[in-house]
Structure formats: structure tokens, C-alpha cells
Amino acid sequence: MKLALRLLFLLLLSTGFVFAQEAEHPEEEHHEQDSSTHGDEAAYDPVGTVMSHISDANEFHLFGHYSIPLPVILYAPGHGFTFGLSNMFHHGATAVDGYVLNHGRVNRVADPSFPMGHVDLESDHAVHMTTHEVDGKERDLGLVTYQGKEYELDQPSTLDGGLVGGGITSFYDFSVTKNVFTMFLAALLLIFVWGRIKRSYEKNEGKAPSGMQSLFEPIFVFIRDEVTKPMIGEEHYERFQPFIMCLFFFILFCNLFGLIPIFPGSANVTGNIAVTLCLALLVFIITNINGNKHYWGHIFAMPGVPKWVLVILTPVELLGLIIKPFSLMIRLFANITAGHIIILSLIGLTFVFGNNGTNTGGGITGLIVGGAFTAFMNLIELLVAFLQAFIFSILAASYIGAAVEDHDHHDEDHAVDHTHGSAYAEAVAHH
Amino acid sequence: MGAIGAGIAALGAGIGVGMIGAKSTEAIARQPEASGDIRTAMIITAALVEGAALFAIVVGLIA
Amino acid sequence: MYSFLLADFNVLKPDPGLLLWTLVIFLLVYFFVGRAAFKPIQKALKKRDEEIQDSIDEAKRVQAQMAQLKDDNAKLLAEAREESTRIIADAEAFARKRKEEAVTEAKEAAQKVSTDAQREIANMRDSAMADLKKEVGTMAIDIAEKVLQKELKSDANQTALVNELVKNLNYSSRHDQSTSSNPLR
């Protein structure tokens, strides 16, 4: 019975590939033809779809042509602030103060000759994408057609300094985007849930926990006993526990919201580097402002090491100061983004196999295979959501623990120190 | 090229995580009373290995 | 197959707006959850842990106390039993001693009484003897006197008188014999 099921599955898989093989060639041609027009009716572009699903947006897309407008706060040096709701752009059909909506994201016309105020672009496809060469690499370029003239679009400013294709442009986007909205939801949920739990602790003082309290208490106690206490140490942990707990629960709730495929979720919050950068930055700041004499002593002059080695070791230690939060940032970002990309790609199989709606059999096969794998991946993602929140908080705790640890008998038994939890994690984290 | 790089990174990380799993299972079998500590160390190390692989994948995506 | 366009991968580009909002929201979470809820919960949990530990300690202490008390009780009971046994033994010994003493005393007293009585008797006999001797002497003198007086008058009368006197004497000596336990011959 099981064998038959397996064979059936294999058959389905192989037919899918057959359909896919069949489908690929015309798709490719089609794609090349339409590569410059990413309009709604263009061919299915898997990479573009996945990327647009994981990126932030200025409106909350629900289904079809319905989306929830979100507040827009834009700032352009020399022009000032522009406020409003994202529905004022009419999904790209209207320009406001030179700002247009390009695939859910606000872009700006850099050209000062473009008229200010509300401008009807007279077409739903006035905003379109093209590619251009920058330093031998192909880059996307947004264009808006207005009264027969094409204007280049600027993307919002980013802080990567051009390292990954962004950089400071002509405007900054401080809007309440999809990610910010979801973060607010997660924060409000946290405040609501923990507020209730706190009240029940006050009400049930000296009694056994009940209701929501008994659901969250084991998690709380787990984080206390497995993360903060062993990593930071018995005497300092109480000071940092609220911060570590906040990190854990904030990341966990954002991760879980990211796994919900429909409205309140669907935002790739912790899979956006700005979010993880902010959290890692907070860990970096808290670690270093609490660093004691021994911590800094270890960085600038590792005790028991010859002078000439320090010339090499000190820069490495200084670099480690940055690398530790940097790895925190990248780990969380990459795990969550990778998970989302995989799930979206598996769902995308339906459309790839279905060949834009022309191959129904392929589409159904893709749906079954992709759906099965998506269900599996979703479970893995659920594990990852908890695991990454745990890893982030345990590593943050170990960095803080290394900074506040008391080394009273340091020079005598350096080896013994390394049996200590935080010292161990620190040693591992140096990788 | 990026995909090949990401593949190689995943290969390395796979070997690494596999070794962590094997060794920690052995360790737990040898000393079941220390299983809690071993599990924590295992998860941390696995996360670090995975972090290295994800670094490579991100670099692979950019390049 | 598909050209991967870097501009699309904008999750890798940190947006200052999102960064700022994350900071704001995280601080919100920190102050409204971390400070307002986690800290009191942490305290409540710690307090409860301590309470539980205290109750366990207390229970152990009470248990130890109970065991101690039980031991003490047993010891006390044993002591009391021992004491009572001792008291009974003492009392018995005392009683026996008292009895013996009483018996000895009684014997002594009896002895004393009998000796006293014997001495009294001896004394009485002596005095009786002395009295008798005195009486006999007086009587002899009386008889002698009467004899002498009678002799002076007649012989016949004299003989009758002597007979009568002798008869009297016999009577009175027989009378004396019945009144004293140790009559003289």
C-alpha cells in the first residue's frame, strides 16, 4: 500500500517534470520578449514574484485588486515632507508630488521638471520597469511615462552605501509600510498577551498559574533557565532578562506573523535586513555599554599573550566586536528570507508548470507537488521561527554575558573559565 | 555561478550539521545525564554552521 | 534561465524608515512588555520559587521536628516507665524495710515488756518475800507474846492456844499460797 503510494507520488513528480520540460521553451521566449514590460498581464516571472512577495510594500495587498492603504510619510531633501495614504497613488495611476507607486513601493521622479501635486498619469501602466547596465551588471530601472516623455524613477534611500545596489537617493521613505504594520500588530499582541498574563500573576499570587499564564510560563521559565541564567550568569541575569525576553518574543511573534499567508501576516518582517539590523544594533550597543574592565582588557590586550601577537589579535578582536552582531543580523535575515523564498518558489511551481494558465495538467501537478512540499516546508519554518528566535536571544545573551562576566581569578585558571556557558558560547561564536 | 557557490556552501554546511548531529548523539548516548547541555551546545553550533552557509548563500545571491 | 535582478532583492537593503520604525516598536515592546510585564513576572516567579522552596524547607523542618518530638516522647516515656519502676521498687524496698523494722521493733518491745514484767515480778516477789518475812516475824512475835501471856496463866489453856495459833498460821499460810504465784515454804 505504502509502496503504491510512493510510486504514485513518483509518477506525479515525473509527469510534472515532463509538463515542465514541455512548458519551458515557449515560456523562455515569452519572457525574453516581455522582459521590459512587467505589467499585470505580462508572463509569470517567478523571481520577480518571489522578490516582490518578500519585499516591503507601502500598501497591504489582500487579494485581487484589493489592498489596505497604509500611511505614507515621505521626505525629500529640498522638498520637505509628504504625508498621505497610499491609496492616493491609485496603484500607480496617479503621481503625488513626483512620487508614484511602483509595484507597491513608493518611488520618486528625480527630474525637477515633473509637475508637483496630484498628477493623473492617464494610464495604469504608466509606471514600468526596464533594465540598464551599471558597472557591467544588469540593474532594474523604473520608468514613468507622462505626456509622452519618460522619466527615471528613484527607489527609496537605503543604508547599504551602494554595496548591494542601493544607496542614498533623492528621498527617504518613513512610511508605515506592510512590515511596520505587522510589527505594530505583533507589538500590540505582545502588549495585550503579556499585560493579561501580568495581571493574572497579580491576581493569582501564591496560587497555581491558570489559562494563558500556564501557556506562556513554561516558555518564560525555559528562556530564563536555558538562556539568560546560564549565559549571563547568576548575578547579572536579572538586569538583562527583560531585554532578552523582549528580543525572543518580538522575534518569535514577527516570525510567526510572517508564516501566516493571509492578511494579518504575510509580511516578511524578520526577513528584512533593516529589522534584524536594528535588533543586532541594539544588542551591540547594550553589550558594549555594559562591557566591564575585563571585557575591554580582553579586546585590547588579551592577558597572557606576547606583545607581538597582540598586533594581530587586537584587530581580530575589534573585528569580532562587529562580526558578532553582524552574524546575528545575517543569520536571522537569511533564515527567514530563505524559508520564504523556498515556500514562494514551491507555490510558484504551480504557475511555472501551468505555463501561464495554458497547461492545466501541469498546473495541477505543480499545485499537488508544490503544495505537499509547501506543507512540509511550513512545518520546518515553524521550527525555524522558534529556533531562530531562540538562537538570536541565546547568542545575544552570551555576548552580553561575556561583557559583564566577572573574571576575578582570571590569569590563574583561564581554562576553567571556558567551561562556563557564556565563555563557551563566546569561544564558539568567534568561528 | 552564484547558484553553484550556494550549492557548495550548502554542501559544506550539510556535512557540518551532520557531524554535529552525529557527535552530539554519540555524546548523549555516552552521557545521557548531560543531554541538556549537549543539546544546547549542539543547537548553538548548528546555528553557527548554518549562519556560515547562509552568509555564503547571501553572497551567492548578490554575486 | 531568468535574469536575477539585484534591484528586486531589496530585503537586503536596509531601509532607514523601516530601521527607525523597528527601533520605535522594539522600544515600545521593551517599555510596555519588558519593563511593565516581564519584570513583575520575573519577580513574581522568583517570589513563588522562593515560597515553594521555603515551604519545602519548612515542611522538612517540621518533619524533622516531628521526628525529634517523637524521639523525645519515646525517650520521655521510657524515662517515665523507668522512673515508675524505680519508684515501685523503692516503695517495695521501703515497705519491706519498714515491715522488718516494725517486726524488729515489735519483737524488741515484746522483749522489753517481758523483761520488764520479769523484773517486776522479781521485784514483787522480793517485796512479797520481805513482807512475808516481816509478817511472819511479827506473827511469831505475836504468838510468842500470846504464848508467853497464856503460860503465865495455865498450862491447859496454853496448849489450846498454841494449837489454835498453829491452826491459824496454817490457814493464813495456805491463804498466802493462793494469792502469790511463787509461795514460800
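Residues numbered from 1 in each chain as written. Chains lettered and ligands numbered in written order. Predicted model: local features only at pLDDT ≥ 70, side-chain atom pairs only at ≥ 80, totals over all residues. Heavy atoms only, no water.

(A) Focus on the interface of chain B and chain A. In this assembly, 13 residues from chain B lie in contact with 20 residues from chain A. Across the interface of chain B and chain A, roughly 1,500 Å² is buried in total on both sides, 81% from carbon and sulfur atoms. Of all residues in chain B, Ile44, Leu48 and Phe55 of chain B bury the most surface against chain A, accounting for 38% of the area lost on that side. Where chain B meets chain A, there are 0 residue pairs in polar contact (both at pLDDT 80 or more). (Contact = heavy atoms within 4.5 Å. Buried area = accessible area lost by both parts, 1.4 Å probe. Polar contact = N/O pair within 3.5 Å; in protein donor to acceptor, adjacent residues only side chain to side chain.)

(B) Structural context of the sheet that holds strand β4 (residues 80-85) of chain A. All names here are of chain A. A sheet is described by the order of its strands in space; here 3 strands give the open sequence β4-β3-β12, paired in antiparallel fashion. Every other strand in the sheet has two partners, leaving β4 and β12 (172-173) as the edge strands with one partner each. The pairing of strand β3 (residues 71-76) with β12 spans 2 bridges and is antiparallel. When the bridges of β12 are listed, Leu74 appears paired with Asp173. (Pairing = 2+ DSSP bridges. Helix = DSSP H or I, 4+ residues; strand = E, 2+ residues; numbered from the N terminus.)

(C) Seen up close, the confidence of the model for chain A. Residue and element names in this part refer to chain A. Scored by pLDDT, chain A has a mean of 79; 83% of the residues are at 70 or more. Per-element mean pLDDT across chain A ranges from 42 in helix α1 (residues 2-34) up to 93 in helix α6 (residues 273-289). Confidence drops under pLDDT 50 across residues 11-41; counting only partners more than four residues distant or on other chains, this segment forms 36 contacts. Contacts of residues 409-424 to residues separated by more than four positions or lying in other chains number 23 contacts, the stretch itself having pLDDT below 50. (pLDDT = per-residue confidence, 0-100.)

(D) Helix α1 (residues 2-30) of chain B, seen in detail. Between its terminal C-alpha atoms α1 of chain B stretches 42 Å, which fits the 42 Å expected from 29 residues at 1.5 Å a residue. Three or more residues of α1 of chain B are buried, namely Gly2, Ala6, Ala9, Ala13, Gly16, Ile20 and Ser24 of chain B. (Expected span 1.5 Å × (residues − 1). Buried < 20%, exposed > 50% of the residue type's maximum accessible area, 1.4 Å probe, protein only.)

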